[in-house]
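# Remarks on the overall topology
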Amino acid sequence: MKEFKQYINGKFVNSTSSDVTEVLNPCTEEVISIIPGGSIADAQAAVDAAFHAQKDWRKLAAIERAKYLNQMADIIRDNRVFLAETLATEQAKVMSLAQVEIDVTAEYFDYSAAWARRIEGEIIQSDNQKEHLFLHKMPIGVAVGILPWNFPFFVMARKMAPALVTGNTSVIKPSCIAPNTVLEFFKLIEKINLPAGVINYVCGHGATVGNSLSSNSKTGIVSLTGSVFAGQKVMEAAALNITKVSLELGGKAPAIVCADADLELAATAVVNSRINFSGQICNCAERLYVEESIHDQFLDMLKEKMSAVKVEDAFSENNPDMSAQVSKMQLDKIAEMVEFAKKEGAEVIVGGGKDGSKDKGYYFQPTLLTNVNNNMQIARDEIFGPVLPVMTFSTLDEAIAMANDCEYGLTSSIFSENYNKIMHASMELEFGETYVNRQHFEAIQGFHAGWKKSGIGGADGKHGMEEYLQTKVVYSQYR
Ligand code: NAD
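Residues numbered from 1 in each chain as written. Predicted model: local features only at pLDDT ≥ 70, side-chain atom pairs only at ≥ 80, totals over all residues. Heavy atoms only, no water.

Turning to the overall build of the protein chain, a few remarks are in order. When helices and strands are tallied, the protein chain shows 15 helices and 23 strands. Taking 23 Å as the expected radius of gyration for a compact globule of 479 residues, we find that the protein chain reaches 23 Å, a close match to that expectation. Dimensions of the protein chain, computed from C-alpha atoms along their principal axes, come out at roughly 75 × 60 × 40 Å. By sequence separation, contacts in the protein chain at least 24 residues apart represent 73% of the contacts at least 6 residues apart. Surface exposure of the protein chain reaches about 19500 Å², of which carbon and sulfur atoms provide 50%. (Helix = DSSP H or I, 4+ residues; strand = E, 2+ residues; numbered from the N terminus. Rg over C-alpha atoms; globule rule 2.2 N^0.38 Å. Contact = heavy atoms within 4.5 Å. Areas by Shrake-Rupley, 256 points an atom, 1.4 Å probe, with all protein chains shown as cover.)

Structure, rendered in structure tokens:
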């Protein structure tokens, strides 16, 4: 079993607290590693280190900073299988998807590095003669990145790479549930000799370590991916020092399927969206609105596909579609929500409970529910499991109204062959992303940003890079 330390100011160090957290393999329920429980003193030391290191780091030419990111990408590729296996073991992500996460993370470092020569300021017209207004884009300082368990490695890159290339330094707080891949990565990249303090990680609990990182007056920006509750707590803590926050929070993505859609494409996309990583992806379709006239036909298609989903250990050679849920807590939460849905009148078409066929592991059956209405808990709250509630609509505006009647605003989708319907829905859906005739999954050059309670600010692409920059206008007169 592995034991990890903290990484602060260029060194692997013991935590000042003897508290530890056990990390489990969700398929076998075995303890696979021990990480520091962390302390407020650890968090403060990491922010201090990053704060001091940033003074020199920001002065390096951006292209020099970028070279470190390219090296990180190379190291990830050289250790692709090891990192994917680490990821699959700690969070029951099937190996095929774990490899995708590792590969995209390497790409993310290279993509961010390529921004080094593209970050531009502006020259603004002055009201005075012989004066220029130079608008500079400057780093903010220490960028704290607080990670979820569901895409821990990719989200680490999302928070670290744009921060570093724009001249900020980074303090990462991994999730206690799936930290290992991030911690192994820090060991692997020791050899690139980044200046001490430029990157740091602190393991620990949200309420202590996460809170301390967010409320530290030396922190310049806190970027959190996680639940709405954690986002609210980070905002409260950051308010102490009016620290910038960037929050990527929960979702309850609607998918709308019109009668004129390519139904085979729509059924495949929606089912994949629900079962990829056992339904634990924030942007994936969480509720389905099907046009009444095709309800029975489409439900049959969903039933066939959901019934065929292969659920096995993440390492199974049978190329499973999904595996266990990440934790017992998640499993119990999903089971409770489905039980409550049944009490509220939902009819189970496929699955409907914990998977009793396995000796060990936190498995839930792929589940299809009908007889659901928009006021039921299963249609309103984030499930984060392989459960698909199906509802119907008679007009597109009715579907859009039901989709928008939600506190979340992360992603949405529409399936139709009618351009006018597609454009109407794309403009009316109150979500940061709308996918047309395809599965929900964002691109690294897009901009992933939730509306409403799904977040503030965002990540990826040019706008994600700008999150880590602040402006300064220099009024420069000459004679
Ligand atoms: P979580 O909120 O339980 O934890 C996320 C992180 O926040 C962890 O590192 C945790 O320790 C930390 N945290 C908790 N309380 C804190 C506090 N008071 N102060 C500072 N940090 C605190 O979320 P999770 O269970 O790891 O992840 C699942 C959630 O993340 C889901 O709601 C999912 O939708 C969301 N998510 C969103 C996106 C997105 O891009 N919008 C992506 C992935 C996951």
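Moving on, we come to the sheet that holds strand β7 (residues 131-139). A sheet is described by the order of its strands in space; here three strands give the open sequence β6-β7-β23, paired in antiparallel fashion. The two strands at the open ends of the sheet, each matched to only one other strand, are β6 (122-124) and β23 (469-477). The sheet shows a mean angle of 25 degrees between the axes of neighbouring strands, direction not considered. Judged from the nine bridges that link them, β7 and β23 form a sheet pairing that is antiparallel. Note on β23: the bridge partner recorded for His 132 is Ser 476. (Pairing = 2+ DSSP bridges. Axes fitted to C-alpha atoms, helices over the stretch in contact; angles between N-to-C directions.)

Take the site of the ligand next. Residues in close proximity to the ligand total 27 residues, the closest being Leu 147, Trp 149, Ser 227, Leu 249 and Glu 382. Interatomic distance of 3.2 Å between a backbone N/O atom of Gly 206 and a nitrogen atom of the ligand. Gly 226 places a polar main-chain atom, nitrogen or oxygen, 3.3 Å from an oxygen atom of the ligand. Relative to its unbound accessible area of 850 Å², the ligand is 87% covered by the protein chains. (Near = heavy atom within 4 Å. Polar contact = N/O pair within 3.5 Å; in protein donor to acceptor, adjacent residues only side chain to side chain.)

Glancing now at the domain arrangement of the protein chain. Each assigned domain of the protein chain is listed with its residue range as follows: domain 1 (2-249 + 454-477) and domain 2 (253-443). One C-alpha centre belongs to domain 1, the other to domain 2, and the line joining them spans 31 Å. The partner domain 2 presents 26 residues to the 24 residues of domain 1 that form the contact. Buried surface at the junction of domain 1 and domain 2, summed over both partners, amounts to about 2100 Å²; 65% is from carbon and sulfur atoms. Area buried by domain 1 at its contact with domain 2 is led by Cys 27, Trp 149 and Ser 454, which between them contribute 26% of it. At the boundary of domain 1 with domain 2, the tally comes to one salt bridge. Residue Arg 158 is joined to Glu 442 by a salt bridge in which the shortest nitrogen-to-oxygen separation is 2.7 Å. (Domains from an automatic or database assignment. Buried area = accessible area lost by both parts, 1.4 Å probe. Salt bridge = Lys/Arg side-chain N within 4 Å of Asp/Glu carboxyl O.)

This paragraph deals with the sheet that holds strand β19 (residues 411-415). Spatially, β15-β16-β17-β14-β13-β19-β20 is the arrangement adopted by the seven strands of the open sheet, whose pairing is mixed. Two strands lie at the open edges of the sheet, namely β15 (347-350) and β20 (433-436), each paired on one side alone. Going from strand to strand, the sheet's axes swing by 25 degrees on average, the running direction of each strand aside. In this structure, β15 lies alongside strand β16 (residues 367-370), joined through three bridges in antiparallel fashion. Directly across from Val 348, in β16, lies its bridge partner Leu 369.

This next bit is on the packing of aromatic side chains. One pass over the structure, following the stated rule, counts 14 aromatic pairs. Relative to Tyr 68, the ring of Trp 57 has its centre 5.7 Å away and its plane inclined at 50 degrees; by these criteria the two rings are tilted. Remark: Tyr 68 occurs in helix α2 (residues 62-78) and Trp 57 occurs in helix α1 (residues 40-57); sequence separation between them is eleven residues. The class of Trp 57 is buried, set by a relative accessible area of 2%. For Tyr 68, a relative accessible area of 17% gives the class buried. Pairing Tyr 111 with Trp 115 gives two aromatic rings, centres 6.5 Å apart and planes at 80 degrees, and the pair type is edge-to-face. Members of the aromatic cluster, joined through ring pairs, are Tyr 7, Phe 12, Phe 109, Phe 153, Phe 185, Phe 186 and Tyr 201. Between the NZ or CZ atom of Lys 55 and the centre of the ring of Phe 51, over which it lies, the distance is 4.2 Å. The cationic tip of Lys 93 hangs over the ring face of Phe 277; the distance from NZ or CZ to the ring centre is 4.4 Å. (Phe/Tyr/Trp six-rings, centres within 6.5 Å; stacked < 30°, edge-to-face > 60°. Buried < 20%, exposed > 50% of the residue type's maximum accessible area, 1.4 Å probe, protein only. Lys NZ or Arg CZ within 6 Å of the ring centre and 35° of its normal.)

Attention shifts here to α2. Relative to the 24 Å expected for 17 residues at 1.5 Å per residue, α2 spans 25 Å between its end C-alpha atoms, a close match to the ideal helical length. Considered for burial, the residues of α2 that qualify are Ala 62, Arg 65, Ala 66, Tyr 68, Leu 69, Met 72, Ala 73, Ile 75 and Ile 76. The elements touched by buried residues of α2 are α1, α3 (80-91), α4 (95-113), α5 (152-165), α6 (180-188) and β10 (199-201). (Expected span 1.5 Å × (residues − 1).)

What you see with β20 is a clean split: Glu 433 and Tyr 435 sit on the buried side and Thr 434 and Val 436 on the side with no burial. Note that β19 and β20 share four bridges and pair parallel. Considered in β20, the bridge of Thr 411 is made with Glu 433. Handedness of the crossover joining β19 and β20 through helix α14 (residues 419-428): right-handed. (Right-handed = clockwise from strand over helix to strand, strands pointing away.)

Further remarks concern unusual backbone geometry. Residues other than glycine seldom take positive phi values, yet Glu 29 does so here, at roughly 65 degrees. Structurally, Glu 29 can be placed in the loop between β4 (20-24) and β5 (31-36). Look at Asn 193: it is not a glycine, yet its phi comes out positive at around 55 degrees. The topology assignment puts Asn 193 in the loop between α6 and β10. For Asn 193, a relative accessible area of 59% gives the class exposed.

As a further point, take the nonpolar core. Among the nonpolar cores identified, the biggest contains 98 residues, and Met 72 and Phe 109 are the most heavily contacted of them. Contacts of Phe 109, omitting those with residues within four sequence positions, involve Leu 69, Met 72, Ala 73, Ile 76, Met 156, Ala 157, Met 160, Ala 161 and Phe 185. Residues Leu 331, Leu 369, Ile 378 and Phe 431 belong to the second largest nonpolar core, which totals 30 residues. (Core = buried A, V, L, I, M, F, W, Y, C linked by side-chain atoms within 4.5 Å.)

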